[in-house]
Amino acid sequence: MFDGLRSLLRPSGRFLILDSAWSTERAKFNSKVELQPRQLNDGTQFEIYKRYCDRDDISRWGQQHSAELRIEHFGPAFFAVSGVFSRVAGN
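Being a predicted model, the structure only gives us computed values, none of them experimental.

Scoring rules and cut-offs
- Residues numbered from 1 in each chain as written.
- Predicted model: local features only at pLDDT ≥ 70, side-chain atom pairs only at ≥ 80, totals over all residues.
- Heavy atoms only, no water.
- Patch = residues over 30% accessible without salt bridge, like charges linked within 9 Å, V, L, I, M, F, W, Y side chains within 5 Å.
- Areas by Shrake-Rupley, 256 points an atom, 1.4 Å probe, with all protein chains shown as cover.
- Salt bridge = Lys/Arg side-chain N within 4 Å of Asp/Glu carboxyl O.
- Helix = DSSP H or I, 4+ residues; strand = E, 2+ residues; numbered from the N terminus.
- Pairing = 2+ DSSP bridges.
- Axes fitted to C-alpha atoms, helices over the stretch in contact; angles between N-to-C directions.
- Buried < 20%, exposed > 50% of the residue type's maximum accessible area, 1.4 Å probe, protein only.
- Arc of directions from axis to C-beta.
- Contact = heavy atoms within 4.5 Å.

*Asks:* Mind showing me how you'd approach a nonpolar patch on the surface here?
*Replies:* Taken together, the side chains of L16, L18 and F78 make up a nonpolar region of the molecular surface, amounting to roughly 330 Å² of accessible area. Along the chain, F78 falls in strand β5 (residues 78-85).

*Asks:* What am I meant to see in the sheet that holds β5 here?
*Replies:* Strand pairing within a sheet occurs via backbone hydrogen bonds; the two strands may be parallel or antiparallel. Reading across from one edge, β1-β5-β4 is the order of the 3 strands in this open sheet, with antiparallel pairing throughout. What marks the edges here is a single partner per strand, and that holds for β1 (14-20) and β4 (67-74). Pairwise comparison of adjacent strand axes, ignoring direction, gives a mean angle of 25 degrees for this sheet. As judged from the 7 bridges shared by β1 and β5, these two strands associate in the antiparallel manner. Across the sheet, D19 pairs through a bridge with F79, a residue of β5.

*Asks:* Can you help me understand unusual backbone geometry in this one?
*Replies:* Excluding glycine, a negative phi dihedral is what most residues carry, and trans is how most peptide bonds are arranged. We note that S12 has phi near 70 degrees; this positive angle belongs to a residue other than glycine. Assignment of secondary structure puts S12 in the loop between α1 (2-8) and β1. Of note, S66 is a non-glycine position whose phi angle comes to about 50 degrees, a positive value. Note that S66 resides in the loop between α3 (55-64) and β4.

*Asks:* Explanation requested: the pairing of β5 in the structure shown.
*Replies:* A regular strand places its side chains on the two faces of the sheet in alternate fashion. In terms of residue burial, β5 counts as a mostly covered element, since 7 of its 8 residues are buried. Inspection of the sheet shows β4 paired to β5 by 7 bridges, in the antiparallel sense. The residue of β5 that forms the bridge with L69 is G83. Where β4 folds back onto β5 in an antiparallel hairpin, the turn is made up of 3 residues.

*Asks:* Before we go on, may I ask you to explain α3 in this structure?
*Replies:* What sets the pattern is the α-helix's 3.6 residues per turn: residues three or four places apart point alike. Those residues of α3 not exposed but buried are D57, I58, W61 and G62. Looking down the long axis of α3, one finds its buried residues gathered within 140 degrees of arc, a one-sided arrangement. Away from its buried face, by an angle of more than 90 degrees, α3 presents the exposed residues D56, Q63 and Q64. In this structure, the buried side of α3 is in contact with α1, β1, β3 (45-51), β4 and β5.

What follows is the structure, encoded as structure tokens:
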């Protein structure tokens, strides 16, 4: 995900990630990583791979992908993280 995002942005371009948060409330009903059933309006059923993210995941992303990340919101259902990729010497 981050490599593709980096290729789309201009140098110093900012991004925003909105995704499902892992929280104590969510843990009452779900596993952090699981398959979940979904159904489309036409009745088609399928399973998706769902992975909820916590603050440690977000911190790890910044380190692994040389990004400066800021948690804008972290609630029981979702989170919002803004960021910019760190400049690399020579760029």
